[in-house]
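So you can see what is in the structure, the chains are spelled out below.
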Amino acid sequence: MKSQSVSERLIELGLNPSLLGFGYLEYCIQLFIMDPLQYYNGKRSLFIMIDECFGVSRMKSSRCMQYAIQCAWFRPNNTKLHDIFPACHEQYPPLIQEFICGIGLMIYEEERGNFFSNLIKQYFEKKNSKKALSLNCDQ
């Protein structure tokens, strides 16, 4: 499968690229894909990153992103977005953080495989390489 850009995926899911929130969401999802764990567990705030990059307040960026999500969520016949977030009621779109993490993980997994499996592999590779280094030092 050919990799699509984040903006192409968001448009495919019904988000309007002319809304300010679209650009903020795209930026956040791109950051999230680079290192999901850093943003998922709150070590780094995406809202602070938006403020640093775009110079807008957290309140404004939140409002814009939520509006972009709501416009896509309530768009008639937009089932793709609802399929990604089946736990969300039809009247209640996903929250901003849920949206960023959900779409980010979906794109990450399509491009690189399962995030959590990759995380476990990395852990054991590091552990095994440390073990191999210690074995080489003992000889």
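Note that this is a predicted model, so its numbers are computed, not measured.

A. Seen up close, helix H5 (residues 58-73). With 16 residues, H5 extends 22 Å between its outermost C-alpha atoms, agreeing within 8% with the 22 Å of an ideal straight helix rising 1.5 Å per residue. Residues Ser61, Ser62, Cys64, Met65, Gln66, Ala68, Ile69, Ala72 and Trp73 constitute the buried set of H5. Its buried side turned inward, H5 meets helix H2 (20-34), helix H4 (46-54), helix H6 (79-84) and helix H7 (96-112).

B. Highlighting the pattern of salt bridges. Under the counting rule described, the total for this entry stands at two salt bridges. Measuring nitrogen to oxygen at the nearest pair gives 3.5 Å for the salt bridge that ties Glu12 to Arg9. With Glu12 and Arg9 both in helix H1 (residues 6-12) and three residues apart, the pair spans about one turn of that helix. In this structure Arg9 comes out as buried when scored by relative accessible area, which is 7%. Arg9 serves as the salt-bridge partner of Glu110, at 2.2 Å between the closest nitrogen and oxygen. Remark: Arg9 occurs in helix H1 and Glu110 occurs in helix H7; sequence separation between them is 101 residues. The class of Glu110 is partly exposed, set by a relative accessible area of 38%.

C. How the structure looks around the confidence of the model for the chain. Here the chain shows a mean pLDDT of 83. Residues at 70 or above account for 81%. Of all the helices and strands in the chain, helix H8 (residues 115-138) carries the lowest mean pLDDT, 62, while H5 carries the highest, 95.

Calculation criteria
- Residues numbered from 1 in each chain as written.
- Predicted model: local features only at pLDDT ≥ 70, side-chain atom pairs only at ≥ 80, totals over all residues.
- Heavy atoms only, no water.
- Helix = DSSP H or I, 4+ residues; strand = E, 2+ residues; numbered from the N terminus.
- Expected span 1.5 Å × (residues − 1).
- Buried < 20%, exposed > 50% of the residue type's maximum accessible area, 1.4 Å probe, protein only.
- Contact = heavy atoms within 4.5 Å.
- Salt bridge = Lys/Arg side-chain N within 4 Å of Asp/Glu carboxyl O.
- pLDDT = per-residue confidence, 0-100.

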